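Chain and residue survey
One letter stands for each residue in the lines below.
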Amino acid sequence: MTQERYNPQAIEEKWQARWQAENSFACSHESSKPKYYVLEMFPYPSGNIHMGHVRNYSIGDVVARSKRMQGFNVLHPMGWDAFGLPAENAAIKNNTHPAEWTYANIRNMRAQQKRLGYSYDWSREIATCRPEYYRWEQMFFVRMFEKGLVYRKKAPQNWCPSCHTVLANEQVIDGLCWRCDSRVEQKDLTQWFLKITAYGDELLDDLNKLEGDWPDRVIAMQRNWIGKSTGAAITFGLEKEIEGVEGIDVFTTRPDTVFGVTFMTLAPEHPLVEKLIADYPNAEEVRAFVERIRNMDRLDRQSDGVEKEGIFTGAYAIHPFTGQRVPLWLGNFVLADYGTGAVMGVPAHDQRDFEFARKYALPLRVVISPAGEELDAESMTEAFTAGGVMVNSGSFDGMPNEDGKKAVARSLEKEGKGKATVQFRLRDWNISRQRYWGSPIPMIYCDSCGVVPEKEENLPVLLPLDVKTHSDGRSPLADTPSFVNCTCPKCGGAARRETDTMDTFVESSWYFARYTSARDTEAPFDTDAIKYWLPVDQYIGGVEHAILHLLYSRFFTKVLRDMGFFPADLAEPFQNLLTQGMVLKDGGKMSKSKGNVVDPTTMIQKYGADTVRLFCLFAAPAERDFDWSDSGIEGASRFIGRVWRLFMEEQERLLPLTACAATDQDAASPEARDLRRREHLTVKKVREDMSDRFQFNTAIAAVMELVNAMYLSREKLSMSEADRRVFSSAMSTAITLLAPIIPHICEELWQRLGHKTTVSEELWPEWSEAAMAQDMLTVALQVNGKLRGTVEVPAQADKAAMEAAALADSSVQRHLAGLTVRKVVVVPGKLVNIVAN
């Protein structure tokens, strides 16, 4: 009889239709089961999923499916990060509307995800470009404004003249826009900021709660980005009188070196620059320097490797302790929006300042010396940055420099010229974007009332869809009177709406919470649902989001908690974090420009979704990159084929048992006991690797070994009822363990076994320690430390029995010929080493 061939397309479409019809993966917070919330970072709807998506979503789906089988009430949602510049630029390029472009892409990507069989609760699907989503975001903005967490200020920004919008520092690469490679300019713009620095200490301290649950490198990256520094704020007076300005403030972590200041360096963007250089003969030269440095890559300016450049302003500060004149320079390594935009130059004790001073022939003054030594400033070849004793520091001479830090700060505070303080590298979050496709900022400009928020009952401020985008990328909002012209919510007079839209990072900073009550029209979140589901138990996504997205989500969690939207004891949004590796091709990241893209749809059509999923999970540990290989996916396809053939060939023997159903009484023969032992060992290995370590590749390898054992044992097992139960139990276990990984074929085989329920509804199998016990052990035999053979001994054999078995072995006897046995070393259950001469 011809065996039925495996048809992945028919099987997968059958089960996907059933899951959808039965709403198999829907969940509710009204459950007595323990909850488990697994979430993959939601995608931008580009139109097609790529292999990186497939790997990310497949990892999440295995976690979700296995947790359901382990008795958890699982929330596993999906949505779309749908606003943003890429959609707008693509729509302009294709002469269509961003909304039309975005929704078409969502439809396509949703179909692709469903074709891969992911167990999402699609009833919770969200798209951030929908008014029913961003209305709540606008409400959060208004509430944050009322609490002083939102403000406007004018500040230099990275400006892309091609994209017509500001860019974050991370979006500027080698001075170019990350999207269009245009040269980025510096532009002073009045922007909206969220005061994330108000939560700096808590964001830093709460990282301690994530240790062991988040990757160490992600925690380190977050700590470095927040960058808390303890030191002192110091005010240097100005020689030149400037109205309304008492001095220039600096922050330093080394107040003990204040007497070593020989110059000060300001950012070229510092607001005092133009006033300082007024009447200076070389003012035009300074202005040319300012213009050139302002347009440098901001990240390069902070790099240790960038060549330090500067120019003298012609102006002087006054030292707060000595009263001496301190020349004011501009430097390319100082940024206006970092710290105070001014740093004190201590070249004898700071390497950057040392290099700058040597380049521009500025003096060095030693104020910290090693105990018992005296440093000569003129002969120094590098800055002395170690600890020591304060010298040339007035009344502080002879004081250990660590004590001096506190003493100098106290003295500054007493004199009203400074104080001990803390500074963060973290900057407030600029959320203004000068483009169309984004959530409108719900603020209104009134000539009588000033800047006022829209009333909450008038939200959402709808993004108008009846506009035509400009070919050069400029936002059409300012040119749309029906949007701009409005009524002041405070006085009722004529007013104007803000035409900037929000940074799309805002939408992704709280989406995980909206999933808990995605269809609620009365509030952003259902209180009971939020309390039940949050925090996310397992978050999965790329390490490229290790800083900003995760930091902003953590910030929003704390703000929404303090506003009463989240439980008071909720500190962090994501309890556990897995950063999966990339899928490479020919050693490099897949990209259309390189022509090395592997299309998931093509692979599904050729091999089926289960095979694509299996390969992405088996190729490497989840957190590591792996290189796509045609031979690898062929191997995954062959394994699934082997499982199918084994089932088909043994159908007559198989009974409709559940996993690990065979008993001790069933496993009467040595062959049956061995297969049952392998079955239970596999269950334990897969549970530990899949649930505790997310080592899906080794879990899959363990099931492969069980399948191999079944192929070898089927000829040795009889058609007796007991042997049939042992073989059927092993088959059911293999299907159950593989179900989260390759769910379609497993559902099909489970049904063909005769089960009335789906394998997804099965409980995860439990192993038995007794079943894993071995009858016989293979013991290595050594003579003088060299392997000479092996011998089978009963698992319960003591040292004497193992020694006797070793000495009786013919190979050992041959190597002992003519020798006298001096010693026998026995390692129970492992080896016997005979020492002879």
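In short, a report on the structure. (Residues numbered from 1 in each chain as written. Predicted model: local features only at pLDDT ≥ 70, side-chain atom pairs only at ≥ 80, totals over all residues. Heavy atoms only, no water.)

**What to know about the overall build of the protein chain**
For the protein chain, the helix and strand inventory stands at 26 helices and 34 strands. Dimensions of the protein chain, computed from the C-alpha atoms along their principal axes, are close to 105 × 80 × 50 Å. A buried classification covers 55% of the 837 residues belonging to the protein chain. The contacts of the protein chain with a sequence gap of at least 6 include a subset with a gap of at least 24, amounting to 73%. Surface accessibility of the protein chain: about 36,000 Å² in total, with carbon and sulfur atoms responsible for 48%. Separation of charge centres in the protein chain, based on 98 positive and 113 negative side chains, amounts to 3 Å. (Helix = DSSP H or I, 4+ residues; strand = E, 2+ residues; numbered from the N terminus. Buried < 20%, exposed > 50% of the residue type's maximum accessible area, 1.4 Å probe, protein only. Contact = heavy atoms within 4.5 Å. Areas by Shrake-Rupley, 256 points an atom, 1.4 Å probe, with all protein chains shown as cover. Lys, Arg positive; Asp, Glu negative; His and termini not counted. Charge placed at Lys NZ, Arg CZ, Asp CG, Glu CD.)

**Quick look at the sheet that holds strand S28 (residues 583-585)**
The mixed open sheet is built from 3 strands, whose spatial order is S29-S28-S30. Each edge of the sheet is formed by a strand with only one pairing partner; in this case those strands are strand S29 (588-589) and strand S30 (626-627). Direction of pairing for S28 relative to S30: parallel, over a ladder of 2 bridges. Looking at the pairing, Val583 lines up with Phe626 of S30. (Pairing = 2+ DSSP bridges.)

**Remarks on a nonpolar patch on the surface**
Together, Val825, Val827 and Val835 make up an exposed nonpolar region whose accessible area comes to about 170 Å². Mapped onto the fold, Val835 is located in strand S34 (residues 831-836). (Patch = residues over 30% accessible without salt bridge, like charges linked within 9 Å, V, L, I, M, F, W, Y side chains within 5 Å. Salt bridge = Lys/Arg side-chain N within 4 Å of Asp/Glu carboxyl O.)

**Section: the nonpolar core**
Met51, Tyr511, Phe555 and Phe556 are the most contacted members of the largest nonpolar core, which has 174 residues in total. The dominant element in this core, judged by the number of residues it contributes, is helix H22 (residues 696-713), at 11 residues. Apart from the residues within four sequence positions on either side, Phe556 is in contact with Phe140, Met144, Leu194, Trp429, Val506, Ser509 and Trp510. Counting residues in each nonpolar core, the second largest holds 58 residues, with Leu276, Val290, Val306 and Ala357 among its members. (Core = buried A, V, L, I, M, F, W, Y, C linked by side-chain atoms within 4.5 Å.)

**A short note on the sheet that holds strand S9 (residues 185-194)**
Spatially, the 4 strands line up as an open sheet ordered S6-S5-S9-S19, and their pairing is antiparallel. With partners counted over all chains shown, the strands left at the sheet margins are strand S6 (165-167) and strand S19 (429-430), one partner each. Here strand S5 (residues 150-160) pairs with S6 via 3 bridges, running antiparallel. Each residue of the ladder has a partner; that of Trp159, found in S6, is Val166.

**Considerations on empty space enclosed by the protein**
Vacant regions in the atomic arrangement are exposed by a probe of water-molecule size rolled over the atoms. Considering all chains together, one arrives at 3 cavities of 30 Å³ or more under this definition. What lines the largest cavity is Phe25, Arg65, Arg68, Met69, Ala739, Pro740 and Ser760. The residue inventory of the lining of the largest cavity, partitioned by class, reads 4 nonpolar, 1 polar and 2 charged. (1 Å grid on protein atoms, 1.4 Å probe; cavity = no way out; pocket = protein on both sides within 12 Å on 5 of 7 lines; lining within 4 Å. Points joined across faces, edges and corners; volume = space filled by probe spheres on them. Nonpolar A, V, L, I, M, F, W, Y, C, P; charged D, E, K, R; others polar.)

**Describing the packing of aromatic side chains**
One pass over the full model with this rule turns up 45 aromatic pairs. With 5.3 Å between their ring centres and 65 degrees between their planes, Phe140 and Phe565 make a pair best called edge-to-face. Linking Phe140 in helix H5 (residues 131-146) with Phe565 in the loop between helix H17 (548-562) and strand S27 (577-580), this pair joins segments that are 425 residues apart in sequence. There is no split in this pair, since Phe140 and Phe565 are both buried. Counting every residue linked through ring pairs, the aromatic cluster contains Phe263, Tyr280, Phe312, Tyr316, Trp329, Phe333, Phe356 and Tyr360. The aromatic ring of Trp136 is capped on one face by Arg135, whose charged end is 3.9 Å from the ring centroid. The lysine or arginine in question, Lys187, covers the ring of Trp159, its NZ or CZ lying 4.1 Å from the ring centre. (Phe/Tyr/Trp six-rings, centres within 6.5 Å; stacked < 30°, edge-to-face > 60°. Lys NZ or Arg CZ within 6 Å of the ring centre and 35° of its normal.)

**Some thoughts on the pairing of strand S21 (residues 443-446)**
Moving residue by residue along a regular strand, the side chains alternate between the two faces of the sheet. Neither face of S21 is exposed, since Met443 and Tyr445 on one face and Ile444 and Cys446 on the opposite face are all buried. With 4 bridges joining them, S21 and strand S22 (residues 450-453) adopt antiparallel strand pairing. Residue pairing across strands places Cys446 opposite Gly450, the latter belonging to S22. The turn linking S21 back onto S22 is made up of 3 residues. The sheet contact formed by S21 and strand S24 (residues 494-497) spans 2 bridges and is antiparallel.

**Description of unusual backbone geometry**
Most peptide bonds take the trans form, and the phi angle of most residues other than glycine is negative. Pro460 follows Leu459 through a cis peptide bond whose omega is 5 degrees. Topologically, Pro460 is positioned in the loop between S22 and helix H13 (481-484). Between Leu534 and Pro535 the backbone carries a cis peptide bond, its omega angle lying at 0 degrees. Here Pro535 is to be found in the loop between helix H16 (527-533) and strand S26 (538-542). In this model, His164 sits at a positive phi of 55 degrees, which is unusual for a non-glycine residue. Along the chain, His164 turns up in the loop between S5 and S6. The phi dihedral of Asn392 falls on the positive side, at around 50 degrees, and the residue is not glycine. Along the chain, Asn392 falls in the loop between strand S17 (389-390) and helix H12 (401-415).

**A few points about helix H21 (residues 670-692)**
Since the α-helix packs 3.6 residues into each turn, any two residues three or four apart lie on the same face. End to end, H21 covers 32 Å across 23 residues, agreeing with the expected 33 Å (1.5 Å per residue, within 8%). All of the buried residues in H21 are Ala672, Leu675, Arg676, Arg677, Glu679, His680, Thr682, Val683, Val686, Asp689, Met690 and Ser691. Next to the buried residues of H21 lie helix H2 (51-69), H22 and helix H23 (721-738). Of the residues flanking the end of H21, it is Phe694, one or two places downstream, whose phi is positive at about 55 degrees. (Expected span 1.5 Å × (residues − 1).)

**A short note on the packing of helix H19 (residues 609-618) against helix H20 (residues 630-649)**
Contact pair H19 / H20: the axes reach a minimum separation of 9 Å and the direction vectors enclose 120 degrees. By the angle class used here, H19 and H20 are oblique. The hand of the H19/H20 crossing is right-handed. Between H19 and H20, the contacting residues are Asp610, Thr611, Val612, Leu614 and Phe615 on the first element and Gly632, Ile633, Ala636, Ser637, Phe639 and Ile640 on the second. Across the contact of H19 with H20, the residue classes break down as 7 nonpolar, 3 polar and 1 charged. (Axes fitted to C-alpha atoms, helices over the stretch in contact; angles between N-to-C directions. Parallel < 35°, antiparallel > 145°, perpendicular 65-115°, else oblique. Left-handed = near helix turned anticlockwise from the far one by under 90°.)

**So, the side chain of Arg653**
Its place among the elements puts Arg653 in the loop between H20 and H21. Of note is the side chain of Arg653, whose polar atom sits 3.4 Å from the backbone oxygen of Ser718. With residues up to four places along the chain from it excluded, the contact list for Arg653 reads Arg714, Leu717, Ser718, Met719, Arg724, Phe727 and Ser728. (Polar contact = N/O pair within 3.5 Å; in protein donor to acceptor, adjacent residues only side chain to side chain.)

**A closer look at the packing of H20 against helix H24 (residues 743-752)**
The N-to-C vectors of H20 and H24 enclose an angle of 5 degrees; their axes lie 12 Å apart at closest approach. It follows that H20 is roughly parallel to H24 by the angle criterion. Contacts between H20 and H24 involve Ile640, Val643, Trp644, Phe647 and Met648 on the former and, on the latter, Ile745, Glu748, Leu749 and Arg752. When its residues are assigned to classes, the contact of H20 with H24 shows 7 nonpolar, no polar and 2 charged.

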